[in-house]
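Spelled out, the chains give:
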There are 2 protein chains.
Amino acid sequence: ICFPVPQGRAHGSSFAHRGELRRAKRIVVKLGSAVVTRGDECGLALGRLASIVEQVAMLQNQGREMMIVTSGAVAFGKQRLRHEILLSQSVRQALHSGHNQLKDMSMPVLEARACAAAGQSGLMALYEAMFTQYSTCTAQVLVTNLDFHDDQKRQNLNSTLQELLRMNIVPIINTNDAVVPPPEPNSDLLGVISIKDNDSLAARLAVEMKADLLIALSDVEGLYNSPPGTDDAKLIDIFYPGDQQSITYGTKSRVGIGGMEAKLCCKVKAALWALQGGTSVVIANGTHPKVTGHVITDIVEGKKVGTFFSEIKPAGPTVEHQTEMARNSGRTLASLHPDQRSEIICHLAELLTERKEEILAANKMDIDLAVNAGHLPPAMLKRLSLSPAKLNNLAIGLRQIAVAAQDSVGRVLRRTRVAHNLELEQIAVPIGVLLVIFEARPDCLPQVSALAIASGNALLLKGGKEAANTNRVLHQLTQEALSMHGVREAVQLVSTREEVEDLCRLDKMIDLIIPRGSSQLVRNIQRAAKGIPVLGHSEGICHVYVDAEASVDKVIKIVRDSKCDYPAACNAMETLLIHRDILRTPLFDQIIDMLRAERVKIHAGPQFASFLTFSPSAVKSMRTEYGDLECCIEVVDSMQEAVDHIHKYGSSHTDVIITENAEQFLQQLDSACVFWNASSRFADGYRFGLGAEVGISTARIHARGPVGLEGLLTTKWVLRGAGHTAADFSEQGTMKYLHENLPVEQPLAVQRDSN
Amino acid sequence: ICFPVPQGRAHGSSFAHRGELRRAKRIVVKLGSAVVTRGDECGLALGRLASIVEQVAMLQNQGREMMIVTSGAVAFGKQRLRHEILLSQSVRQALHSGHNQLKDMSMPVLEARACAAAGQSGLMALYEAMFTQYSTCTAQVLVTNLDFHDDQKRQNLNSTLQELLRMNIVPIINTNDAVVPPPEPNSDLLGVISIKDNDSLAARLAVEMKADLLIALSDVEGLYNSPPGTDDAKLIDIFYPGDQQSITYGTKSRVGIGGMEAKLCCKVKAALWALQGGTSVVIANGTHPKVTGHVITDIVEGKKVGTFFSEIKPAGPTVEHQTEMARNSGRTLASLHPDQRSEIICHLAELLTERKEEILAANKMDIDLAVNAGHLPPAMLKRLSLSPAKLNNLAIGLRQIAVAAQDSVGRVLRRTRVAHNLELEQIAVPIGVLLVIFEARPDCLPQVSALAIASGNALLLKGGKEAANTNRVLHQLTQEALSMHGVREAVQLVSTREEVEDLCRLDKMIDLIIPRGSSQLVRNIQRAAKGIPVLGHSEGICHVYVDAEASVDKVIKIVRDSKCDYPAACNAMETLLIHRDILRTPLFDQIIDMLRAERVKIHAGPQFASFLTFSPSAVKSMRTEYGDLECCIEVVDSMQEAVDHIHKYGSSHTDVIITENAEQFLQQLDSACVFWNASSRFADGYRFGLGAEVGISTARIHARGPVGLEGLLTTKWVLRGAGHTAADFSEQGTMKYLHENLPVEQPLAVQRDSN
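Every value quoted in this text rests on a predicted model; they were computed, and no experiment measured them.

1. Digging into the interface of chain A and chain B
Part 1: Taken residue by residue, the interface counts 110 residues in chain A and 110 residues in chain B.
Part 2: Across the chain A/chain B interface, buried area totals approximately 9,900 Å², and carbon plus sulfur atoms make up 52% of it.
Part 3: Of all residues in chain A, Q133, D231 and W717 of chain A give up the largest surface area on contact with chain B, accounting jointly for 8% of the area buried on that side.
Part 4: Inspection of the region where chain A meets chain B yields six salt bridges.
Part 5: E663 of chain B is paired through a salt bridge with R720 of chain A; the nearest N and O atoms lie 3.1 Å apart.

As structure tokens, this is what we get:
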């Protein structure tokens, strides 16, 4: 396997944002004592160290130059000396004890420098044994901070390390603790007097060696804006030294000199010093069991881990700030009159045609870039490109959404007189903040924005990089339309810098994620979303069942339409089920002839294959979504067997029966859409007459099947009383529940349509 | 720290079920080559080994006797010899190469026995270095299968190992590969001729040493009922040798002799042999990155990992089988007429009173057991115990649910004429299979069963161990009632053996989990549920805001009721917000006097504290749910500030305003329940008049706030056509969409109540 060698940065300037860290060629990884030594009782350090070695070796094998600055020799030596002392204290007792009673014995205080000396060899042996597993050589380098003050020593160190890196060897650097001056007391390493942490050493080394990146791992998460654990505390993703933010550490570290303040001082000073010297810095937690296995590679891949120190503050707000703005502005949007939300949408529709030159010019830039890059397939290029006609159609669609907006937020769904003067209403309200992720398809942007505005939701938009210019203009127009009622910030366009995976982790800030695009996109997002519901479906294994009582003229029409109208759609047929009685009839031949004429590749299910002398290729799995001119044919003995087959192999998306007597099938089949004598292709919000389509869901809670605007709404209960208490209704109380259902207005849509 | 020493089993008989594995005292862990040696390119083995060592050391420290049977010396030695050969081939080239080109060089075929000899020392050194981290001693023992055939040798081995275990040393056993006979070819370890796997050695050793448990880790998941990857393949949780099940391995293992068949033979034979000898066996995957860190401890804790070999087949069906039965029977339940579902529920209500002696007798057994065990607090004992009066009330509640059942499944929610002869209906249907987890509160069982029956859902019940006898009888009565319409199996009681965590992982089988119990239970289940939605709320941080325009007589009543009526409830007030203008009025003193009289402990928010000369204790966080006679008081300057405060610190459960002019608050506040001049305690399904209460949800999708039967329903779309295709509606087509909304019947509830 051949890896591309990373480029590294122009020397003297650090990277501007996390995405650039991928280019880091020379990287210093600093491991604090908390990372290298044991945990409290579960002793995680070994696994931690192994996975850190693994990541470093992997990055080294990618052609990067890796250096490790390690602490831990003291703790390692302590372990060893302790063991030695115990053995000499009572060899017999320890060896013959059935249980591990070593821990209970009292220990003398050990001198830190002795521990360091005893630990150094063991620690290095461990690193070497581990790196050998990856065919990676290591070299031990012991230095003290003083070595940097002497020019000659510094130069010697520099050329030694350069030579090691050139030979593809990972230098493992530690302070020469056995010879450094005054040890300081430390309450954590029980019975051991500790020595200073390696932060400034790592920073000096990184700058001296012109490293691109310094990753400082310890047991703190990063920098916080206020003390962690308090109500407002947030981890700072990117720290700009220019900002006079007040900062605090992640958790009180157990290993270190002094309290939080001292440690903060020491760590941040070291980081800022390295940054000034041109090395980017990330401070992160290297002790968290769930992430340690990929913390270093995640950082190098640009993911949001810990706190990144950057000199250059980007122009736009952070995505967290955008979400805040969207939520606040969204609350105002939700409180507008429905007419005002409609006005905004109509105004956006106007802007799409009025300002089409501006839009098309931006779109042309995107297309030119894509064509020059030459990697977009024609179908994607087609989706990416806009035209005056497309914009007109978009505007028409938006006006329909504006009509639907009249009948959403604030609609009363239920009214109950709970008791005298105590009335309850259930009201439709927006879900909150939506995150819509779409691919290189810029027409999504105004559509989705209109849906969000109509339903009073705040919206974060994350579009494909390929449409960046078009999206920027379309988003400006959307904000222009929103401004007419003072809710400009309710729709936010997330920077193309942001990783989808990072967005899917904002679980306290985003209420619903809607992926618009390929089933692969949906699957990825369902996997990445932690604690945020995802509206969508990733599978559409749709069946058409031709019953014994099927009417011949309907069969050919419906099967052709279901499979061939648009084979890539999620509502296209994937499996054709045929009643056994049809097998030897002319209808069967007609079906096969039609599929052949349409060039549909046929796969045979096991039952079907057993009936044929020469069978087509056998299916691998009857749970396959071909998404192409391909399908599986299987034979069943009865309608009941068809139902059972679909329950077993289907994805509950859309299933069709062709027959003259369908009620049993319609009743029993448990799919989101069950059709009788109609093509599966009707499973679609627009075709269903839901007005605006939000998507199709195969979930079993919230919306199911094609989802209209109501999928973007939830409800709240409003109770109006006059001093009522629960005690009033107790056995001793004076009041009685009435629970009278009161009439609610018919939804506007019905009124409108029945005119 | 002192660990209880596990008991172990009675010798000669293996453990009957997984839960008993906790008692395993002597454990053999067998590591296949795939576990010890590297992965394909990412080289995970080291981290894997480290975490295995960690788990073994931890179990050893618990007082268990651990033995390791390890493979991997061959691969380890191969790595080493390869390195040596390369170095001698071209030292200069290798050392001066900027990139790692070692991989590209062609290698001679190495002899396996030579590799084994070269690898043995390195492997042992690695184990020793790792175990030293946990203050655990190891000993190397090399054996061959032949050693077991010679009685003298076997006895020597036995007494050596016994002595090592007695000295609290972990024996690490490997085949003496350097001296064993015919090596066999192996395609995986490129360029190395491999030797036999260690399965039979581990089995022999386990039986010889009378081990309680043999954990055999390799790269297969366990046994499957049919070839993995095929449509019907399922991992076998427990394998009973008596069953003539057809079985297959998890994944084709890359290391081993011959193909799957040979390996299956070898592994299963070894496992069965050990089982016959009285040692329990679990076969599991030790290479899966996400679980390796706890695979051994999980197995010892009785979790469902891999395949457990057991000689004794328990009487009842497995939970997977129960779920299947429930789903099938539930489908029939859903297809019954609403009257039939009501009949079942009414019959169950009758049985509760008719058969009360039987129920109360079982309940007495549970209470006696709990009293004798003496660990149940009085409040729990009260909840556990049933009485004739409680049963009567239960029956009354069930009859109400029977009425509600008339108006649920099958209700048409929307009708649309899509086109001529093409009609669409949206129909309420059951969600599918519900899992309800409840604590020692047996009255939950008939209630929840009635709710499931009313909504046509299949139900798995998992009750607290303390109520096992009562639950068994109540469940029998439920099944008796269900039998009247042939759907006996729709409600299943899960064995108390099953772990809640395992149930929460059945994500393809269960559609919705409903925890009924403490907020701690809900939190645990929300954490454990992987991919299954959970209906419930874990937090209720409810606010009461006393506005400047509050009417004095309402304030005292509502604040008292909200806080003191039932302080442990989720809808009890936690924070009292007071408008600044009230601070210096008599009303303020009245509020404080009332809270003091009710013995409510007051915590002061920062604003409130700043107004007082002598403040009560400051709050730690304004996001605290006290669940007791405690609350936080904070001061705000305006209604808007109250709204902002609640948005920031609240949990969107229930929030109250006391004022004479509330519309702004009611409109802006985004909580599930927003009340005006009424106690927060009204947030409850029964008080809302929803009939049966399923629970309270603070989620933003699906049901929100108090949830009635409709929270157990989803919808499906039924389209009835006459051969319609999407192509008919294309530009070239002959049809036009009408999208006419057709009237639907008013829900029965409204008709009923307005009579």
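Picking up after the structure, the text goes on.
2. A closer look at unusual backbone geometry
Residue and element names in this part refer to chain A.
Part 1: With a phi close to 65°, N168 is a non-glycine residue in the positive phi region.
Part 2: Within the secondary structure, N168 is located in the loop between α6 (151-166) and β4 (170-175).
Part 3: Overall, N168 belongs to the buried group, its relative accessible area being 15%.
Part 4: With phi around 60°, S652 is a residue other than glycine that occupies positive phi space.
Part 5: Exposure remark for S652: the relative accessible area of 24% places this residue in the partly exposed category.

3. Details of the packing of aromatic side chains
Pairs of aromatic rings are described using the distance from one ring centre to the other and the angle between the two planes.
All names here are of chain A.
Part 1: With the rule as written, the count across this model stands at 16 aromatic pairs over all chains.
Part 2: Taken together, a centroid distance of 5.4 Å and an interplanar angle of 65° make the contact between F239 and F309 edge-to-face. With F239 in strand β7 (residues 238-239) and F309 in strand β10 (residues 307-309), this pair connects stretches of sequence that are 70 residues apart.
Part 3: Look at F239 and you get buried, because its relative accessible area is 5%.
Part 4: Here the guanidinium or amino end of R204 rests over the ring plane of W273, the centre of that ring lying 5.5 Å away.

4. Quick notes on the pattern of salt bridges
Residue and element names in this part refer to chain A.
Part 1: Evaluation of the coordinates by the stated rule reveals 70 salt bridges over all chains.
Part 2: Linking D199 and K30 is a salt bridge whose minimum nitrogen-to-oxygen distance equals 3.2 Å. In this pair, D199 is assigned in helix α7 (residues 199-208) and K30 in strand β1 (residues 26-31), connecting sequence segments 169 residues apart.
Part 3: When its relative accessible area of 6% is taken as the criterion, D199 is described as buried.

5. Digging into helix α12 (residues 356-373) of chain B
All names here are of chain B.
Part 1: In this model, α12 (18 residues) spans 25 Å end to end at C-alpha, consistent with the 26 Å of a helix rising 1.5 Å per residue.
Part 2: Considered for burial, the residues of α12 that qualify are I359, A362, N363, D366 and A370. Taken around the axis of α12, the buried residues stretch over an arc of 100°, which confines them to a single face. In α12, the exposed positions angled more than 90 degrees off the buried face are occupied by E357 and N372.
Part 3: In the core, the buried residues of α12 are packed alongside α11 (338-354), α13 (378-384), α14 (388-404) and α16 (468-483).
Part 4: Looking at the residues trailing α12, positive phi occurs at G374, about 70°.

6. Focus: the packing of helix α19 (residues 552-564) of chain A against helix α20 (residues 586-597) of chain A
All names here are of chain A.
Part 1: Between α19 and α20, the shortest axis-to-axis distance is 10 Å and the interhelical angle comes to 25°. Taken together, the axes of α19 and α20 lie roughly parallel to each other. The hand of the α19/α20 crossing is right-handed. In contact with V552, V555, I556, V559 and R560 of α19, α20 contributes L587, Q590, I591, M594 and L595.
Part 2: Residue composition of the contact of α19 with α20, grouped by class: eight nonpolar, one polar and one charged.

7. What to know about the nonpolar core
Part 1: Ranked by internal contacts, the top residues of the largest apolar core, which has 104 residues, are I345 and L461 of chain A together with I345 and L461 of chain B.
Part 2: Ignoring anything within four residues of it in the chain, the contact list for L461 of chain B reads V436, F438, L445, V448, S449, V491, Q492, L493 and V494 of chain B.
Part 3: One finds L217 and I299 of chain A together with F15 and M66 of chain B within the second-largest nonpolar core, a separate group that totals 82 residues.

8. Digging into the environment of P338 of chain B
Residue and element names in this part refer to chain B.
Part 1: The topology assignment puts P338 in helix α11.
Part 2: Measuring from C-alpha to C-alpha, the distance between P338 and S408 comes to 8.0 Å, with 70 residues separating the pair along the chain.
Part 3: Setting aside anything within four residues of it in sequence, one finds P338 in contact with A405 and Q406.

9. Considering the sheet that holds strand β2 (residues 65-70) of chain A
Residue and element names in this part refer to chain A.
Part 1: Taking strand neighbours across the sheet as the criterion, the eight strands line up as β3-β4-β2-β1-β5-β9-β10-β7 in an open arrangement whose pairing is mixed. Of all the strands in the sheet, the pair left with one neighbour each is β3 (138-143) and β7.
Part 2: With five bridges connecting them, β1 and strand β5 (residues 213-218) associate as parallel partners. Looking at β5, one finds that V28 is bridged to L214.
Part 3: Strands β1, β2, β3 and β4 of the sheet are contacted by α6, whose axis makes an angle of about 165° with β3.

10. Notes on the packing of helix α11 (residues 338-354) of chain A against helix α12 (residues 356-373) of chain A
Residues and elements named next belong to chain A.
Part 1: At a minimum axis distance of 5 Å, the contact between α11 and α12 shows a crossing angle of 70°. What the angle tells us is that α11 and α12 run roughly perpendicular. Note on element contacts: α12 touches α11 through K356, E357 and I359, opposite L351, L352, T353 and E354.
Part 2: For the contact of α11 with α12, the per-class residue count stands at three nonpolar, one polar and three charged.

11. Brief notes about the sheet that holds strand β15 (residues 491-493) of chain A
Residues and elements named next belong to chain A.
Part 1: Taken in spatial order, the four strands of this open sheet run β15-β14-β13-β16, and their pairing is parallel. A single partner strand is all that each edge strand has here, and the edge strands are β15 and β16 (512-516). Pairwise comparison of adjacent strand axes, ignoring direction, gives a mean angle of 20° for this sheet.
Part 2: As paired elements, strand β13 (residues 433-438) and β16 share five bridges and run parallel to each other. Note that in β16 the partner of L435 across the bridge is I513.
Part 3: Here helix α16 (residues 468-483) sits on the sheet and contacts β13 and β15; the angle it forms with β15, its principal contact strand, is near 160°.
Part 4: Here helix α18 (residues 519-528) sits on the sheet in contact with β13 and β16, set at roughly 155° to β16.

12. Points about the UniProt feature "domain: Aldehyde dehydrogenase" (unreviewed entry) in chain A
Part 1: With numbering aligned to this structure, UniProt lists the feature "domain: Aldehyde dehydrogenase" (unreviewed entry) at residues 318-610 of chain A.
Part 2: What you have in residues 318-610 of chain A is 50% helix and 18% strand, and the ends, taken at the C-alpha atoms, are 61 Å apart.

13. What to know about the pairing of β16 of chain A
Part 1: Buried residues dominate β16 of chain A, accounting for five of its five residues.
Part 2: Side chains L512, I514 and R516 of chain A of β16 of chain A all project onto a buried face; the interleaved residues I513 and P515 of chain A project onto the opposite face, where all are buried too.

14. Comments concerning the relation of the copies chain A and chain B
Part 1: Structural alignment of chain A on chain B gives an RMSD of 0.1 Å, achieved by rotating through 180° and translating 0.1 Å along the axis. The operation mapping one copy onto its partner corresponds to a two-fold rotation axis. In terms of C-alpha distance to the rotation axis, chain A has H702 of chain A as its closest residue, with the C-alpha 1.9 Å off the axis.
Part 2: Mapped onto chain B, 100% of the interface residues of chain A again fall at the interface, so both copies present the same surface.

Cut-off values and rules
Residues numbered from 1 in each chain as written. Chains lettered and ligands numbered in written order. Predicted model: local features only at pLDDT ≥ 70, side-chain atom pairs only at ≥ 80, totals over all residues. Heavy atoms only, no water. Contact = heavy atoms within 4.5 Å. Buried area = accessible area lost by both parts, 1.4 Å probe. Salt bridge = Lys/Arg side-chain N within 4 Å of Asp/Glu carboxyl O. Helix = DSSP H or I, 4+ residues; strand = E, 2+ residues; numbered from the N terminus. Buried < 20%, exposed > 50% of the residue type's maximum accessible area, 1.4 Å probe, protein only. Phe/Tyr/Trp six-rings, centres within 6.5 Å; stacked < 30°, edge-to-face > 60°. Lys NZ or Arg CZ within 6 Å of the ring centre and 35° of its normal. Expected span 1.5 Å × (residues − 1). Arc of directions from axis to C-beta. Axes fitted to C-alpha atoms, helices over the stretch in contact; angles between N-to-C directions. Parallel < 35°, antiparallel > 145°, perpendicular 65-115°, else oblique. Left-handed = near helix turned anticlockwise from the far one by under 90°. Nonpolar A, V, L, I, M, F, W, Y, C, P; charged D, E, K, R; others polar. Core = buried A, V, L, I, M, F, W, Y, C linked by side-chain atoms within 4.5 Å. Pairing = 2+ DSSP bridges. UniProt positions renumbered as here; feature names shortened; annotations may be inferred. Least-squares fit on C-alpha atoms with pLDDT ≥ 70 in both.

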